[in-house]
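Breakdown of the fold
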Amino acid sequence: MNFLKNVCNSLIKPVLPVNSSHQLNLLSSVQQVRGTKKYVRPLRIRYPMWFLRQNRAKTIENLTKDNKAFIQEVICDKFGLENIEGGTPTCVSLSPLKSDPAVYTEKWRPGTRRVGLIVRKIGVYPMWQKDGTQIATTLFQVADNHVIKYIPPNEFEPVRKRYRVKQREMGAVIVGADSTDPQKFTKEYCGLFDAAGVLPKNKLCRFIVSPEAALQAGTPLYASHFRVGDIVDIRGKTISRGFQGVVRRWGFRGQPKTHGSTKTHNRPGNIGGGGEKARVWPGKKLPGHMGNKWRLLKGQEIVRINTKYNVIYIRGQASPGNVGDLMYMFDTILPLRRRKADEAPPFPTFFPHKLEEALPDDLYIDDMHQFNEPTIQYEPEKVEKKKK
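In this report, we go over the structure that sits alongside the text. Note that the structure is predicted; figures quoted are calculated from it, not measured.

Next up on the list: the overall build of the protein. A count of helical and extended segments in the protein gives five helices and 17 strands. Split into buried and exposed, the 388 residues of the protein put 34% on the buried side. In the protein, once contacts between residues fewer than 6 apart in sequence are set aside, the share between residues at least 24 apart is 75%.

Here the focus is the nonpolar core. Residues V115, F207, I312, I314 and M329 are the most contacted members of the largest nonpolar core, which totals 32 residues. Taken together, the elements giving at least two residues each to this core come down to β5 (117-128), β6 (134-142), β8 (171-179), β9 (201-209), β11 (231-237), β14 (294-306), β15 (311-315) and β16 (326-331). Here this core takes four residues from β16, the largest share from any one element. Apart from residues lying up to four places away in sequence, F207 is in contact with V115, G116, L117, I118, G171, A172, V173, V175, Y328, M329 and F330. With 14 residues, the next largest nonpolar core counts I151, F156, Y189 and L204 among its residues.

Turning our attention to the environment of A195. Checked against the element boundaries, A195 lands in the loop between α4 (187-190) and β9. As a C-alpha pair, A195 and A217 span 22 residues in sequence and 7.1 Å in three-dimensional space. Dropping the residues within four chain positions of it, A195 is found in contact with P96 and A217.

On to unusual backbone geometry. Cis peptide bonds are those with omega within 30 degrees of zero, and the linkage from F347 to P348 qualifies with -5°. Within the fold, P348 resides in the loop between β16 and β17 (362-364). Despite not being glycine, D144 has its phi angle at roughly 50°, a positive value. D144 sits in the buried class, given a relative accessible area of 14%.

To continue, consider the pairing of β11. Of all seven residues that make up β11, five are buried, and the element is covered over most of its length. With six bridges connecting them, β11 and β14 associate as antiparallel partners. The residue of β14 that forms the bridge with V232 is Q300. Here four bridges tie β11 to β16, and the two strands are oriented antiparallel to one another. Paired with R235 across the bridge in β16 is Y328.

Moving on to the sheet that holds strand β10 (residues 220-221). Judged by pairing direction, the sheet is antiparallel, and its four strands sit side by side in the order β9-β8-β7-β10 without closing on themselves. One side of each edge strand has no neighbouring strand; the edge strands of this open sheet are β9 and β10. Pairing geometry for β8 and β9, over eight bridges, is antiparallel. Directly across from G176, in β9, lies its bridge partner L204.

Moving on: the side chain of S179. Tracing the backbone through its elements, the reader meets S179 in strand β8. Assessed through its relative accessible area of 16%, S179 is described here as buried. Among the polar contacts made by the side chain of S179, one reaches the side chain of D144 at a distance of 2.6 Å. Side chain to side chain, S179 and K201 meet in a polar contact 2.6 Å long.

A separate point is the packing of aromatic side chains. The full count for this structure, using the stated rule, is seven aromatic pairs. A centroid spacing of 6.3 Å and a plane angle of 70° characterise the contact between Y125 and Y313, whose relative ring orientation is edge-to-face. Placement of Y125 in strand β5 and of Y313 in strand β15 is noted, with a sequence separation of 188 residues between them. Owing to a relative accessible area of 34%, Y125 belongs among the partly exposed residues under this scheme. Given the relative accessible area of 8%, Y313 is considered buried.

So, how was this worked out
Sequence order sets the numbering: in each chain, residues are counted from 1 along the sequence as written. Local features are withheld for residues below a pLDDT of 70 in this predicted model, meaning they are given only at 70 or higher, and side-chain atom pairs are given and counted only at 80 or more; totals for whole chains, interfaces and linings count all residues. Only hydrogens and water are removed before side-chain values are computed, so all heavy atoms of the structure are retained for them. Secondary structure elements are defined from DSSP: runs of H or I of at least 4 residues count as helices, runs of E of at least 2 residues count as strands, and each element is numbered from the N terminus. Here's how the labels work: a residue is buried when its accessible area is under 20% of the maximum for its type, exposed when over 50%, partly exposed in between, all with a 1.4 Å probe on protein chains only. Here a residue-residue contact requires only that any non-hydrogen atoms of the pair lie within 4.5 Å. Buried Ala, Val, Leu, Ile, Met, Phe, Trp, Tyr and Cys residues that are joined via side-chain atoms within 4.5 Å together make up what is termed a nonpolar core. Any two strands are treated as partners once DSSP identifies two or more bridges connecting them. Here a polar contact is taken to be a pair of N or O atoms separated by no more than 3.5 Å, where protein atoms must pair a possible hydrogen donor with a possible acceptor and residues adjacent in sequence count only if both atoms sit in side chains. Each pair of aromatic rings taken from Phe, Tyr and Trp, with Trp reduced to its six-membered ring, is defined by centres within 6.5 Å and is described as stacked if the planes are under 30 degrees apart, edge-to-face if over 60, and tilted in the remaining cases.

Written out as C-alpha cells, the structure is:
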C-alpha cells in the first residue's frame, strides 16, 4: 500500500517546465487508495518566462587557489570586467550594443508608457527648502539595471486575465538588477542573459511598455531615466510583522480591563454575524499574518537626483518595505499627475553618450535648498518708535 501511495503522489506532483511562458494548467487528479477517491484541488498558477531553478546546489568542490583564479579569469575575459565583486559592472563585451546598436527615432507623446527601474531603498534623509522648511526624503539607489529582453505585443501575455483586452497592444521589457557571480546560478538561468551579454542578475522584473518604448537587450538604465520634479509610483512589499492579534493588526481597542474580565483585553470579542445566517462573514478582521504584502505608493515627487551614485530622493517617508529591499519605480498611473505634452522625458530612456556635456552630480528642484549655496539668513525686524 505504501508503494501505491508513493506512485500516486508522484503522478499528481506538478512538474514545472524548464522554460515556458504559458499558463500551467494542472487538471484535477484522482487518487485511488484502498477503494477511496481523493480529489486533488487543481493548481491555477501562471509562471513567468524566467521561472527557472535559479540557485544551484552548493557542494564542496575542493578547488585549489589556482583553479579558482583560473575561473575568475575566464569570467572576466568573457564579460569584459576587471573585478566581478568590486565596482559596478558596465556594458560587457558580448552585449549587442557594441556590434549592432539600435537607433531610436520615435518621440514621446502623452499616453506612452516607458520602462521602469528596480531600486533599492537606502534610508531616510532630511532636506531643507529655500524658506527654511525641513522635509524628510527617502533615498533609492538604482541597483545596476540592465535590459535583459523585450517581448513584443504578439508574444506578451499578462499575468492577470482582466488586463488582456486593455493591454493587447502593449509589450514588455524584462529588466535585471544586482549583478552577481555566475557560479552561484544554474546553467539554465545563466542562459537567459546570453542574448543581453550581461552578468546574471539576482532580481528580474517585467515592465509593461508601449511598442515605441522598446529597448535593446543590454541597455543600461540610470537614475537620470527620471527628472527632478517627476511624479512616480513605487511598488514593493511591506515589512513582515509575523502573526499578530487584532489590536496591532487592525487597531482594535480591545475589551475593558475591569473587574471580572479574564484574559480578554486583546480579544476581538463576538465575531458571529447573527440574524438568519449566523456565521463568520468573509473579510472579517481577525488575527493573522501582518505585513509582507505588495503595496503601490502613488504620486511621489522626485526632489533630487544624484547622477554620480544613481540615487533618487523622494519626498516623504511612507514607502513600503524595509531598508535594503528592492522595489519597482515607474511613471505614475494617476491621470491628473501625468506629464503634459510640453514635458517630454528622456525617451525611451536616458543615453549619456548623446549629451554634449555631462550632467552635474546633483540635480534639485527649484524650491529646494542646495548645500553648496549660502545658508538661509533672516533679517531682524525693524521696530518703529512711537512719537510722544
